[in-house]
Amino acid sequence: MNRELFLRLDRVTRMQGLVRRVHEPQRSPDNPVLVGDSPWEKLASLYGTVLYEPHGGPSGRDRFRMWYLTGPYADGWIQVRGRKALGNITLLGYATSEDGVHWIKPTLNQLDVQGSVANNLIDIGRTNCEGIAVLRDPEDPDAYRRYKALYWEHGGVDSFREYKGRTIWGEGEEDGVWLSYSEDGIVWRDCGANPVISRGSDTTQSLVRDPRTGNYVAFGRFGVGGRVVGRSESEDALHFSAPELVLAPDEFDEEGTQFYGMPLDIYEGIYLGMLWVYREGVDGCIETALATSRDGMTWERTLDRQSFLRLGPEGSWEDGMVRVSQCFLTVGDQIYLYYGGVQGAHTGRKFDSVERHHQPAIGLATIRRDGFVSVEAGEVQGELLTHPCDLSGALHVNASTRPGGWVEAEVTDDRGLLLESWRSARFTGNATAVQLEFAGDLDDLADRDLRLRFRLYRANLFSYWWGTDGSA
């Protein structure tokens, strides 16, 4: 079964003496872990995806794989795929790593840029591949569809126009959200029905498979109202429903607040979104906050306006924008979160131009497994009572205590009254998976409506679950 987290309180009946706390991830001392360092990549932006494949990627050794947005960002014209292109064309870079920190950019010999294919660029789509979501889908019976990529394709073919005295990309009949397939994540082919969503989506996209329905669910802007979050669904990863708006700023947000994007993943059965909150009317900066949903349609902003990943120090490569990407990678007892950092605010109504001394780059932040949000007790004992539970196996918790602190659990009846012999031994310490011991026999609890009561003192509880072992 999935672990129960405290990102939401919809499975808690009552709580007292506890506070809910968002825990900020820790930045890697090696940041930025990936930068643009070649003529064809003057920047590295994680409008893309990082996957963790512990059993080895195509090489049998590479465990982390990254698809990221890049480009030459040169003035004037260049040649891409033997065609005339603007220097701000968006391209898809590829890198691999064994530890998630040190990255290698292999020469793929795929995409012709300025007459050479000696680069790490993937040839996908038609002109501008932006905001790519890569989904590894091992259950697809067609080996050539085991990897799926969803991205915004725009600019037509050799299509340009003039805007405010400069040349920009024009429009094409097949502009929109495209889908491509791959057997290995490196060589891609068109799905044959593009665009699968006939709308623009100038942000990063997300593509997940809902474990309850088996359907594919896509998220992006999708033309549903500007910088907001749209959703589309498909049974076959080919025919997608008309996008619908699922999350937008509300009346409590300051005027000018926008949602620049919301890359997401399904974590322990919950849709968990990394909401890019753009304060256009305040300082022009973008930070990441958390949002959650049980069904992908009705969303709740975790602890409302609280930031999850804040800006870096002033003057750093990430002091203006920090945007956590999709796919939250469980590596041992930690979660790896990759993000794009930008120096300086976003240009807009507050800033016509921004001087940058650092190019956009990609960073790594880590957090303990399930460590996004905890319930916390201080100098006063706190407790919470859960909704009815399906008790099967042993009770495990992810928790940490401070000196003199402890965590214990009780099994109660539906009214919250303690059952005899069903108060656990107290846990002290710090563990992402530890079994709480009871004196009672689990077989005695069959066919009863039961709940859990947790008691905490000087402690944090991150998650709990019933199972045969600590892995859930």
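Just so it is clear, the model here is predicted, and its values are computed rather than measured.

Scoring rules and cut-offs
- Residues numbered from 1 in each chain as written.
- Predicted model: local features only at pLDDT ≥ 70, side-chain atom pairs only at ≥ 80, totals over all residues.
- Heavy atoms only, no water.
- Helix = DSSP H or I, 4+ residues; strand = E, 2+ residues; numbered from the N terminus.
- Rg over C-alpha atoms; globule rule 2.2 N^0.38 Å.
- Buried < 20%, exposed > 50% of the residue type's maximum accessible area, 1.4 Å probe, protein only.
- Contact = heavy atoms within 4.5 Å.
- Areas by Shrake-Rupley, 256 points an atom, 1.4 Å probe, with all protein chains shown as cover.
- Lys, Arg positive; Asp, Glu negative; His and termini not counted.
- Charge placed at Lys NZ, Arg CZ, Asp CG, Glu CD.
- Pairing = 2+ DSSP bridges.
- Axes fitted to C-alpha atoms, helices over the stretch in contact; angles between N-to-C directions.
- Salt bridge = Lys/Arg side-chain N within 4 Å of Asp/Glu carboxyl O.
- Core = buried A, V, L, I, M, F, W, Y, C linked by side-chain atoms within 4.5 Å.
- Polar contact = N/O pair within 3.5 Å; in protein donor to acceptor, adjacent residues only side chain to side chain.
- Phe/Tyr/Trp six-rings, centres within 6.5 Å; stacked < 30°, edge-to-face > 60°.
- Lys NZ or Arg CZ within 6 Å of the ring centre and 35° of its normal.

Caption draft 1: Representation of the overall build of the protein within the structure. From N to C terminus, the protein includes zero helices and 37 strands. The C-alpha radius of gyration computed for the protein amounts to 24 Å, which stays within 12% of the reference 23 Å derived for 472 residues, consistent with globular compactness. Dimensions of the protein along its principal axes, counting C-alpha atoms only, are 75 × 50 × 40 Å. Burial statistics for the protein: of 472 residues in total, 58% are counted as buried. In the protein, the share of contacts with a sequence separation of at least 24, taken over all contacts with a separation of at least 6, comes to 64%. For the protein, the computed accessible surface area is about 19,800 Å², with 45% contributed by carbon and sulfur atoms. One finds the centroid of the 50 positive side-chain charges in the protein at a distance of 3 Å from the centroid of its 70 negative side-chain charges.

Caption draft 2: Examining the sheet that holds strand 18 (residues 206-209) more closely. Taken together, the four strands give an open sheet; going across it, the order is 18-19-20-21, and neighbouring strands pair in antiparallel fashion. At either margin of the open sheet sits one strand with a lone partner, and together these are strand 18 and strand 21 (244-247). Each adjacent strand pair in this sheet contributes to an overall mean axis angle of 35°, direction not counted.

Caption draft 3: Fine view of the pattern of salt bridges. Under the counting rule described, the total for this entry stands at 42 salt bridges. In this structure, Arg279 engages Glu287 in a salt bridge whose closest nitrogen and oxygen atoms are separated by 3.1 Å. For Arg279, a relative accessible area of 21% puts it in the partly exposed group. The structure contains a network of salt bridges with shared partners spanning Glu383, Glu408, Glu410, Arg423, Arg426, Arg453 and Arg455.

Caption draft 4: Representation of the nonpolar core within the structure. Core analysis: the biggest nonpolar cluster contains 51 residues, and Met274, Phe372, Leu395, Val411, Phe454 and Leu456 have the highest contact counts within it. The element best represented in this core is strand 37 (residues 451-467), accounting for seven residues. If we ignore the near neighbours within four places in the chain, the residues touching Val411 are Leu391, Leu417, Leu418, Leu419, Trp422, Phe438, Leu445, Leu450, Arg451, Leu452 and Trp466.

Caption draft 5: Molecular detail of the sheet that holds strand 17 (residues 188-190). One open sheet accounts for four strands, arranged 12-13-16-17; its pairing is antiparallel. Bordering the open sheet on either side are strand 12 (128-136) and strand 17, each of which pairs with just one other strand. Sheet twist, expressed as the average angle between the axes of neighbouring strands with direction ignored, equals 30°. Across seven bridges, strand 13 (residues 147-154) lies against strand 16 (residues 176-182) in antiparallel orientation. Opposite Leu150, over in strand 16, you have Leu179 as the bridge partner.

Caption draft 6: Layout of the environment of Ala133. By the element assignment, Ala133 lies in strand 12. Ala133 sits in the buried class, given a relative accessible area of 0%. On a C-alpha basis, the gap between Ala133 and Ala149 in space is 5.4 Å, while along the polypeptide they are 16 residues apart. Once you skip the residues sitting within four places of it in the chain, Ala133 turns out to touch Thr49, Lys148, Ala149, Leu150, Gln205, Ser206, Leu207 and Gln326.

Caption draft 7: Representation of the side chain of Ser182 in the model. Assignment of secondary structure puts Ser182 in strand 16. Separated by 3.1 Å, the side chains of Ser182 and Asp184 make a polar contact.

Caption draft 8: Representation of the environment of His239. Summarising the element assignment, His239 is placed in the loop between strand 20 (229-234) and strand 21. Measuring from C-alpha to C-alpha, the distance between His239 and Thr49 comes to 22 Å, with 190 residues separating the pair along the chain. If we skip the residues at most four places from it in the chain, His239 touches Glu233 and Ser234. Side chain to side chain, His239 and Asp236 meet in a polar contact 2.7 Å long.

Caption draft 9: Summary view of the packing of aromatic side chains. One pass over the full model with this rule turns up 20 aromatic pairs. Taking the centre distance of 5.9 Å and the plane angle of 20° together, the rings of Trp317 and Tyr339 count as stacked. Here Trp317 is found in the loop between strand 27 (307-309) and strand 28 (321-324), whereas its partner Tyr339 is found in strand 30 (residues 334-342), with 22 residues between them in sequence. In this structure, Trp317 and Tyr339 share a single accessibility class: buried. When the ring of Trp406 is compared with that of Tyr457, the centres are 6.2 Å apart and the planes differ by 40°; the resulting orientation is tilted. Of this pair, Trp406 sits in strand 34 (residues 394-412) while Tyr457 sits in strand 37; the two residues are 51 residues apart in sequence, bridging distant segments of the chain. Every member of this aromatic cluster is reached through a ring pair, and the members are Tyr52, Phe64, Trp103, Tyr336 and Tyr338. Here the basic side chain of Arg3 rests over the ring of Trp465, its NZ or CZ set 3.7 Å away from the ring centre. For Arg221, the ring lying beneath its charged end belongs to Tyr260, and the centroid distance is 4.8 Å.

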